Amino acid sequence: MTSQADDPVCCDRHPDLPANLRCSRCGRPICRECISQFGYFCGPDCLTEAKASISEEDRDRRECEQEAINHLQRRIGLGIKIFLGVMAIAFAIMVWRVIFRPPGKVCWTWAFEGTQWDLRIAAATAGELWVKAGPELVRLRARDGREETRQSSAGGENHITEMKPLGDDRFLALSGMELSVISLDGSQQPVFRTEAPINQIEVAPDGSAVAIATERSVALGPVTQLVPAGLTVIDLADAAVRWEWQPDQEWSLAEIACNAAGCFVLAVQVEDETASYRLTAFSWSEGKPRWEVDLPSAPVWGPVATGNRLFLQVGTTFFAFAEDGTTAWKLPVEGSVRPESFALNDRLYLVDDQGTVCYDSATGSRRWRTNVQLADRFVASRGKRLL
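Residues numbered from 1 in each chain as written. Predicted model: local features only at pLDDT ≥ 70, side-chain atom pairs only at ≥ 80, totals over all residues. Heavy atoms only, no water.

## Section: the sheet that holds strand β26 (residues 366-370)
Backbone-to-backbone hydrogen bonds pair the strands of a sheet. The strands run either parallel or antiparallel. Going by this rule: Here, strands pair whenever DSSP counts at least two bridges between them. A helix here means a DSSP run of H or I that spans at least four residues, while a strand means a run of E at least two residues long, and both kinds are numbered starting from the N terminus. Working convention: axes come from line fits to C-alpha atoms, limited for helices to the stretch in contact. Angles between N-to-C directions cover 0 to 180 degrees.
The antiparallel open sheet is built from 4 strands, whose spatial order is β23-β24-β25-β26. Looking along the sheet, the strands with just one partner apiece sit at the ends: β23 (342-344) and β26. Geometrically, the sheet is characterised by an average inter-axis angle of 20° between neighbouring strands, direction not taken into account. In terms of strand pairing, β23 meets strand β24 (residues 347-352) through 3 bridges, oriented antiparallel. From the neighbouring strand, L344 faces β24, where its bridge partner is R347.

Here it is as structure tokens:
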């Protein structure tokens, strides 16, 4: 037997439907149909009375809350639109650079009326490029190659044969046996003069010192020939000699290379028609050898230094040496590599018959290729652009 309490409660407005809730105004039982029509009220009368009972303060508060929600939604929508716009612009720039301005693409050219042996890039500054074109220094705009000014680079006995950038809008010029510092306004200040002809100069990356390989006369039968003799490091601040190094009597200096870690000397020893080759590293501060490496054969290319790496090609392999003399990485030579290959600003540029390949000097990974055959005497770097 079922008690009266267990009988289902029916809705007053819809008697055939069970009532699970009650009107929030009068307490009458309501069903799901009432809720769909009037909310949590039993009919339009209770709904109207509930709306009329809401105070003006509650109505203003609810309107403010709704306005705040609407404002937040508008700001979120605006933020999404801005984000999508920025992403679209970034994607367009990336596509434009990859398709229209890929790494290694020629941006502009400048022609010189003369031979390539009379042309050399002297220095690259912020937005400018200085080129030694014959007896003149030509200032070009790095952005588009537009010629800005021309000035004389001296002549006769003082004719400049080589220049090295010092990194502060100045460069070091070699005239015979004299070194001078030239500013971009054309002023020239003598720094040092040697008693022997200069074979090669290399400037420290910070511009504080210069390494000089001098020459000496050697009689080879009836012919007298100049060969590299020794290495001298000059402090450019006071023109004082930091240190000097002469190879042992049976060894001859062949070539030097310099980077931030120091100076590197390639020396050769000839005995009974057999040649031996040795690579020696020095610091910029003192002339004591830091490490030495005996090479199995004559280098095909190098030594060339940049950043904290020293590069050398022996046989069919390129070697990258770390600061302590260990092999950082090595790279098999693909095809015929030209002697114009060079290293600049943590990049290695290998020149072959098809153009130039750029490698990362730290890892040896390939970066890009261009069909232009570059050469170190014609190249400078400014930011992300190769000039």
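## Section: the nonpolar core
In plain terms, the rule: As used in this record, nonpolar core signifies buried Ala, Val, Leu, Ile, Met, Phe, Trp, Tyr and Cys residues forming a set joined through side-chain atoms within 4.5 Å. Relative accessibility under 20% of the residue-type maximum defines a buried residue, over 50% an exposed one, and the middle range a partly exposed one, all with a 1.4 Å probe and only protein chains included. In what follows, a contact means two residues having at least one pair of non-hydrogen atoms within 4.5 Å.
Ranked by size, the top nonpolar core spans 16 residues in total, and within it F264, L279, W291, L295, L310, L312 and F321 carry the most contacts. Secondary-structure elements contributing two or more residues to this core are β16 (262-271), β17 (274-282), β18 (289-295) and β20 (309-314). In this structure, F321 is in contact with L279, V293, N308, R309, L310, L312, T326, T327 and A328, ignoring residues within four places of it in sequence. Within the second largest apolar cluster, 15 residues are counted, among which are V233, C258, F282 and W284.

## Looking at the packing of aromatic side chains
Heads up, the rule is: Classification of ring pairs uses Phe, Tyr and Trp, with its six-membered ring standing for Trp, and accepts pairs whose centres are within 6.5 Å; under 30 degrees between planes counts as stacked, over 60 as edge-to-face, and the remaining range as tilted.
Counted according to the given criterion, the structure contains 9 aromatic pairs. Their ring planes at 45° and their centres at 5.9 Å tell us that F264 and W291 sit as a pair that is tilted. Taken together, the residues F264 in strand β16 and W291 in strand β18 connect sequence positions 27 residues apart. One exposure class covers both F264 and W291, and it is buried. Note on F342 and Y349: the rings are 4.9 Å apart at their centroids and 20° apart in plane angle, and the pair reads as stacked. You can call Y349 buried: its relative accessible area is 6%. Ring pairs connect the aromatic residues F264, W291, F319 and F321, which therefore count as one cluster.

## Quick look at the confidence of the model for the chain
Where we set the bar: For every residue, the predictor states its confidence as a pLDDT score lying anywhere from 0 to 100.
For the chain, per-residue confidence averages 79 on the pLDDT scale, and residues scoring 70 or more make up 82% of the total. Here residues 1-5 is a poorly scored stretch, pLDDT under 50, and it has 1 contact once near neighbours within four places are set aside; other chains count.

## A short note on a nonpolar patch on the surface
Put simply, the rule is: Nonpolar side chains (Val, Leu, Ile, Met, Phe, Trp, Tyr) are joined into patches within 5 Å and like charges within 9 Å, using only residues with over 30% relative accessible area and no salt bridge. For the accessible areas, the method is Shrake-Rupley and the probe is 1.4 Å, while residue cover comes only from the protein chains on display. By convention in these notes, a salt bridge is any Lys or Arg side-chain nitrogen within 4 Å of a carboxyl oxygen on Asp or Glu.
A surface patch of nonpolar side chains, amounting to about 610 Å² of accessible area, comprises L72, I76, I80, F83, L84 and M87. Relative to the elements of secondary structure, I80 occurs in helix α3 (residues 56-99).

## Thoughts on the pattern of salt bridges
Overall, the coordinates contain 10 salt bridges when judged by the stated rule. A salt bridge links E49 to R25; its shortest N-O distance comes to 3.6 Å. On the criterion of sequence distance, the pair formed by E49 in helix α2 (residues 44-53) and R25 in the loop between β1 (21-22) and β2 (29-30) is long-range, its members being 24 residues apart. Owing to a relative accessible area of 43%, E49 belongs among the partly exposed residues under this scheme. Take R25: its relative accessible area is 42%, and that puts it in the partly exposed class. Here D294 and R278 are joined by a salt bridge, their closest N and O atoms 3.0 Å apart. Of this pair, D294 sits in strand β18 while R278 sits in strand β17; the two residues are 16 residues apart in sequence, bridging distant segments of the chain.

## A few points about unusual backbone geometry
Geometrically, the link from G302 to P303 is a cis peptide bond, its omega value of 5° lying close to zero. You can see P303 is positioned in strand β19 (residues 299-306). With a phi close to 60°, A239 is a non-glycine residue in the positive phi region. Inspection of the secondary structure assignment puts A239 in the loop between β13 (223-235) and β14 (240-245).

## As for the sheet that holds strand β22 (residues 327-332)
A sheet is described by the order of its strands in space; here 4 strands give the open sequence β19-β20-β21-β22, paired in antiparallel fashion. Strand pairing shows two members of the sheet lacking a second neighbour, β19 and β22, which therefore form its edges. Along the sheet, successive strands turn relative to each other by an average axial angle of 15°, direction set aside. Across 5 bridges, β20 lies against strand β21 (residues 317-321) in antiparallel orientation. Pairing of L310 across the sheet is with F321, part of β21.

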